[in-house]
Amino acid sequence: MWRLRRAAVACEVCQSLVKHSSGTKGSLPLQKLHLVSRSIYHSHHPFLKLQRPHFRTSFQQFSSLTNLPLRKLKLSPIKYGYQPHRNFWPARLAARLLKLRYLILGSAVGGGYTAKKTFDQWKDMIPDLSDYKWIVPDIVWEIDEYIDLEKIRKALPDSEDLAKLAPDFDKIVESLSLLKDFFTTGSPGETAFRATDAGSESDKPYRKVSDKEKIDQLQEELLHTQLKYQRILERLEKENKELRKLVLQKDDKGIHHRKLKKSLIDMYSEVLDVLSDYDASYNTQDHLPRVVVVGDQSAGKTSVLEMIAQARIFPRGSGEMMTRSPVKVTLSEGPHHVALFKDSSREFDLTKEEDLAALRHEIELRMRKNVKEGCTVSPETISLNVKGPGLQRMVLVDLPGVINTVTSGMAPDTKETIFSISKAYMQNPNAIILCIQDGSVDAERSIVTDLVSQMDPHGRRTIFVLTKVDLAEKNVASPSRIQQIIEGKLFPMKALGYFAVVTGKGNSSESIEAIRDYEEEFFQNSKLLKTSMLKAHQVTTRNLSLAVSDCFWKMVRESVEQQADSFKATRFNLETEWKNNYPRLRELDRNELFEKAKNEILDEVISLSQVTPKHWEEILQQSLWERVSTHVIENIYLPAAQTMNSGTFNTTVDIKLKQWTDKQLPNKAVEVAWETLEEEFSRFMTEPKGKEHDDIFDKLKEAVKEETIKRHKWNDFAEDSLRVIQHNALEDRSISDKQQWDAAIYFMEEALQARLKDTENAIENMVGPDWKKRWLYWKNRTQEQCVHNETKNELEKMLKCNEEHPAYLASDEITTVRKNLESRGVEVDPSLIKDTWHQVYRRHFLKTALNHCNLCRRGFYYYQRHFVDSELECNDVVLFWRIQRMLAITANTLRQQLTNTEVRRLEKNVKEVLEDFAEDSEKKVKLLTGKRVQLAEDLKKVREIQEKLDAFIEALHQEK
């Protein structure tokens, strides 16, 4: 407003000056006046010959060449009439002094007129920003409520007051007339000022301007005009970026459209993330657009992406392959320049170098994790979101660079794997292919161009980018070859657009700002742009980013609704199939089924705590006796029973029990307890639950059980405490009542009968079936069994003769038995006689011990008297009572450890295993399988995709 008023005041002063000056007697020649003063007479002087032609250009494209100095436009010199040079130095001195006055006056008056003219020109150049009014904060539109503009306008001086400040032109003209008459020596119509001004121009020879020079001059003016417009546009964009940053930082008080526009690309990225996990088994393929960045290795793909994202976010290496798996980068607007992964909440501040280094390290770790053993690249995608003010909204996928030769250290199938990954992304008919070509190498060495031409032969969705143009212009002898590359004449591929960019000087420590300044400086001085080999809109990564973003959103708007309709049809087919196959089951996907199985498993673990103490002790006591019974009878009871008196028997028993307790018994007891807990846990896990049992969980439960048992370890201090308890229990020999005595005898009889049965089975297997089985079941003995049978009969005769025979045969007895058998035609060796004797004597001893048990049933009275005045000695009964009591005390101790400690630790281990399985998607897929699971998975994903697509389409329509 104040500028318009100042321009108006200046115009009034201008008109007043013209009016006064036109009334003078002698009109001043226009050539003598200063350039600013000359503009006052722009339409009034009759001798004006110089008129600047109106130059108009139809400007359509902008370049991103910022900070380029605008050079003055050089016009052809204009010739005036010739005047002889006169040496009047006083006149020149006066003219110079007067010109100082005119400079001051002309600056004041002409400045207002020029400001108004410049304002009108700029107003025509500025694009219509009415559609972007929502970007400007509301306070800008309401500024008149806070600042009284009318009061400021009234405080400014009026045009009349301003005119009073101007000098009196009548007096100036009179003074000039006097000086004119004083210094004039020639004709009255000529002045010294004309001679002084025209003399310098008349000395220059007149030269006719050629058409070629005019064309060059027009091209140069066109270029500088474009640069001027571009600088204005970039200044506005910079201001717009700052305003958007402030707007995005505000709370929820902003406009709803602002939030919509901010989250639109995020909504689209979520759709792509869900689609990446979708198994397209129902012929519904992912045809949603994304920008696929492909190129030869070290062609500059990563550098172009970083320039678009305005941050050095990718790992870098000198010549080696750094991109080993696809990286999906979602660019969106935000108040701060940050990056975050899809599966993480950590934000990396891209304005801080330490966060940038951490981000690059994290991307490298994720790539290594995706690459399986024995491979070099992986098809698994890393999803990364980059937000910042002024970023173009789009989704880009950086693919591994295409290679021609597999080098050492790479897997043999690396080349084929990279080709298959690239084809999988480029086969999408709506994918935008950003083909990156290294301009510093020969075009004939390019591999990716052939691949792109196969995927998009008509070039309807390909954008060609030539990188390292600075090196290309420096090294390539013929600049026209670069033009041929840009225009696609050297390649079989076609493209929508061709761009040339510079991505730095090759220094990995360069900042994005430094690279951008270097790129702009290069194209400012590049012959490619000056000679029109390249257009202004074809250079710089900024113009490339704008073009790719426009193409991306155009493709999205054209294809997203068609994709939504395809998924609607797929959803209908899946729902119909589910109703026909599983009408009474709820649609539970794999994660929901896992949660259901998890709850069942935890309930079954809790049920372990509900087992009664009596049940625990019975199981533990029985299991422990089964584990140690062989050792008790074979290594403790039988050797002690071979002694001749009770003192030796008790001494032998005490020694062997002490050794057993110190070395083996506690460890055996802990093993028995752990196996008992495992058996009970397995029983609860695998026990059918009736109609509610779902066999789809069986594999998962079995895996959880095995992993839990593998991780569970008994308390290390349990053996030490158990050893003391068992040692004290075995030292006690005092049987308190008849009931315990009878229980010990019963326990001893059961143990001996079990051993006798095992011994008889061993003898039967040794000698073969008896006569009854041979007659009834038609079974015969083998030759070896016949020999064993003859040996057994001979040994039994020996035992009948001496029932008190010791446990071992003497050598002469072995010889006697062998000779007796040889006399009957049976050839035997001493080892066979010993083996047979072991089983025969064992059976004889066990039968004798059982008979002794019957005699000891009435021996409790003698036990209380310590067997004084009695031939009956029942020390073996006392031994089995000690063993039985130790088993009971051990079972009780183990039961307490189980219920108080181990069951809870087992439950904790089960929860840890379930948590690990929940995070391992591959294990869940392996353990929860079947048609029902896969159908529910597909149905859930299709519904999610459709819902997200519908929400995105609605938001897209609202944005329009």
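Residues numbered from 1 in each chain as written. Predicted model: local features only at pLDDT ≥ 70, side-chain atom pairs only at ≥ 80, totals over all residues. Heavy atoms only, no water.

Some words on the overall build of the protein
- What the protein contains, in helices and strands, is 35 helices and nine strands.
- A buried classification covers 43% of the 960 residues belonging to the protein.
- For the protein, the share of sequence-separated contacts (at least 6 apart) that also reach a separation of at least 24 residues comes to 80%.
- Accessible area for the protein stands at about 54,300 Å²; split by element, carbon and sulfur atoms hold 51% of it. (Helix = DSSP H or I, 4+ residues; strand = E, 2+ residues; numbered from the N terminus. Buried < 20%, exposed > 50% of the residue type's maximum accessible area, 1.4 Å probe, protein only. Contact = heavy atoms within 4.5 Å. Areas by Shrake-Rupley, 256 points an atom, 1.4 Å probe, with all protein chains shown as cover.)

Description of the pairing of strand β5 (residues 382-387)
- For β5, the tally of buried residues reaches five of six residues, placing the bulk of the element in the interior.
- Summarising the sheet, strand β2 (residues 327-332) and β5 pair through six bridges and their orientation is parallel. When the sheet's bridge partners are listed, V327 is paired in β5 with I382.
- Here strand β3 (residues 338-341) runs beside β5; their pairing, made up of four bridges, is antiparallel. Counterpart to A339 in the pairing with β5 is V386. (Pairing = 2+ DSSP bridges.)

What to know about a negative patch on the surface
- On the surface, E944, E947, D950 and E954 cluster together into a negatively charged patch.
- Considering the arrangement of structural elements, one finds E947 in helix α35 (residues 931-959). (Patch = residues over 30% accessible without salt bridge, like charges linked within 9 Å, V, L, I, M, F, W, Y side chains within 5 Å. Salt bridge = Lys/Arg side-chain N within 4 Å of Asp/Glu carboxyl O. Lys, Arg positive; Asp, Glu negative; His and termini not counted. Charge placed at Lys NZ, Arg CZ, Asp CG, Glu CD.)

Observations concerning the sheet that holds strand β7 (residues 432-438)
- An order of β4-β3-β5-β2-β6-β1-β7-β8-β9 is seen for the nine strands of this open sheet, with the pairing classed as mixed. Pairing within the sheet leaves two strands with one partner each, and these edge strands are β4 (348-349) and β9 (497-500).

What about the environment of K931?
- Relative to the helices and strands, K931 is located in helix α35.
- Residues K931 and N581, spaced 350 residues apart in sequence, show a C-alpha to C-alpha distance of 10.0 Å.
- If we ignore the near neighbours within four places in the chain, the residues touching K931 are E577, N581 and Y582.

Structural notes on the confidence of the model for the protein
- Summary statistics for the protein give a mean pLDDT of 76 and a share of 69% for residues scoring 70 or more.
- Within the model, the stretch residues 182-206 combines pLDDT values under 50 with 38 contacts to residues more than four positions away or in other chains.
- Note on residues 251-262: pLDDT is under 50 here. Beyond four places in sequence and across chains, it has 17 contacts. (pLDDT = per-residue confidence, 0-100.)

Some remarks on the pairing of β9
- Going residue by residue along β9, you find G497 and F499 tucked away on one face and Y498 and A500 tucked away on the opposite face as well.
- In this sheet, β9 lies alongside strand β8 (residues 462-467) in parallel orientation, the contact comprising four bridges. When the sheet's bridge partners are listed, F464 is paired in β9 with Y498.

Remarks on the state of the cysteines
- For the structure shown, the criterion picks out one disulfide.
- Paired through a disulfide, C856 and C874 show a sulfur-sulfur distance of 2.1 Å. Across the S-S bond of C856 and C874 the torsion is about -100°, and the bridge reads as left-handed. Taken together, the residues span a long stretch of sequence, with C856 in helix α31 (residues 830-856) and C874 in the loop between α32 (860-864) and α33 (875-919) at a distance of 18 residues. One exposure class covers both C856 and C874, and it is buried. (Disulfide = S-S within 2.5 Å.)

Some remarks on a positive patch on the surface
- Positive charge collects at one region of the surface, where K699, K710, K923 and K926 lie side by side.
- Contributions of two or more residues to the positive patch are made by α25 (698-711) and α34 (921-927).
- Relative to the assigned elements, K923 resides in helix α34.

Section: helix α21 (residues 590-606)
- For α21, which comprises 17 residues, the first-to-last C-alpha distance of 24 Å matches the rise-based estimate of 24 Å (1.5 Å per residue) to within 8%.
- Listed in full, the buried residues belonging to α21 are R590, L593, F594, A597, I601, L602, E604 and V605.
- Buried residues belonging to α21 abut α24 (665-686), α25, α33, α34 and α35. (Expected span 1.5 Å × (residues − 1).)

Structural notes on the nonpolar core
- Membership of the largest hydrophobic core comes to 100 residues, with the highest contact counts inside it found for W625, Y637, W660, W741 and I883.
- For this core, the element with the highest residue contribution is α33, accounting for 17 residues.
- In terms of nonpolar packing, the next biggest core, distinct from the first, is built from 67 residues, L264, I308, I432 and L544 among them. (Core = buried A, V, L, I, M, F, W, Y, C linked by side-chain atoms within 4.5 Å.)

Regarding the environment of L700
- When you line up the elements, L700 lands in helix α25.
- Taking the C-alpha atoms as reference points, L700 and K924, 224 residues apart in sequence, are found 8.1 Å from one another.
- In this view, L700 contacts F594, A597, F917, L927 and L928; residues no more than four positions away in its chain are not counted.

Comments concerning the packing of helix α27 (residues 738-767) against helix α29 (residues 783-801)
- Two numbers describe how α27 lies on α29: the axes approach to 7 Å, and their chain directions differ by 125°. For the element pair α27 / α29, the angle class is oblique. Between α27 and α29, the contacting residues are I763, N765, M766 and V767 on the first element and Q785, H788, N789 and K792 on the second.
- Residue composition of the contact of α27 with α29, by class: three nonpolar, four polar and one charged. (Axes fitted to C-alpha atoms, helices over the stretch in contact; angles between N-to-C directions. Parallel < 35°, antiparallel > 145°, perpendicular 65-115°, else oblique. Nonpolar A, V, L, I, M, F, W, Y, C, P; charged D, E, K, R; others polar.)

Quick look at helix α30 (residues 811-823)
- Counted at 1.5 Å a residue, the expected span for α30 with its 13 residues is 18 Å, and the 19 Å between its end C-alpha atoms agrees.
- Every buried residue of α30 is listed here: I814, V817 and L821. One side of α30 holds all its buried residues, which, seen down the axis, span an arc of 65°. Counted as exposed and oriented over 90 degrees from the buried face of α30: S811 and S823.
- In this structure, the buried side of α30 is in contact with α29 and α31.
- Backbone geometry just after α30 places G825 at a positive phi near 85°. (Arc of directions from axis to C-beta.)

Digging into the packing of helix α23 (residues 646-663) against helix α26 (residues 718-731)
- Relative orientation of the contacting elements α23 and α26 amounts to 165°, with a least axis distance of 9 Å. Judged on the interaxial angle alone, α26 and α23 are roughly antiparallel. As for the relative orientation of α23 and α26, their crossing is right-handed in sense. Listed contacts from α26 to L657, K658, T661 and D662 of α23 are R723, Q726, H727 and L730. (Left-handed = near helix turned anticlockwise from the far one by under 90°.)

Focus: the pattern of salt bridges
- Here the structure, examined in full by the defined rule, presents 40 salt bridges.
- Between K387 and D266 there is a salt bridge; the shortest N-O distance is 3.8 Å. A residue pair is termed long-range when its members are at least 10 positions apart, and K387 in strand β5 and D266 in helix α11 (residues 256-276) qualify at 121 residues.
- With a relative accessible area of 23%, K387 lands in the partly exposed category.
- In this structure D266 comes out as buried when scored by relative accessible area, which is 17%.
- Taking the shortest distance from any N to any O, the salt bridge between E362 and R366 comes out at 3.1 Å. Of the two residues, E362 and R366 both sit in helix α13 (residues 353-370), four residues apart, roughly one turn of that helix.
- If you follow the salt bridges from partner to partner, you end up with R571, E575, E587 and R943 in one network.

Describing the packing of aromatic side chains
- For the structure shown, the criterion picks out 17 aromatic pairs.
- Centroid distance F747 to F880: 6.0 Å. Interplanar angle 70°. Geometry classified as edge-to-face. Of this pair, F747 sits in helix α27 while F880 sits in helix α33, and the two are 133 residues apart along the sequence.
- Owing to a relative accessible area of 10%, F747 belongs among the buried residues under this scheme.
- Take F880: its relative accessible area is 1%, and that puts it in the buried class. (Phe/Tyr/Trp six-rings, centres within 6.5 Å; stacked < 30°, edge-to-face > 60°.)

Some points on unusual backbone geometry
- The backbone of Q310 sits at a positive phi, close to 60°, despite the residue not being glycine.
- Among the secondary structure elements, Q310 is positioned in the loop between α12 (301-309) and β2.
- With phi around 55°, K468 is a residue other than glycine that occupies positive phi space.
- With respect to the helices and strands, K468 occurs in the loop between β8 and α16 (469-475).

Things to note about the side chain of S422
- Within the fold, S422 resides in helix α14 (residues 414-426).
- The buried category is assigned to S422, whose relative accessible area is 1%.

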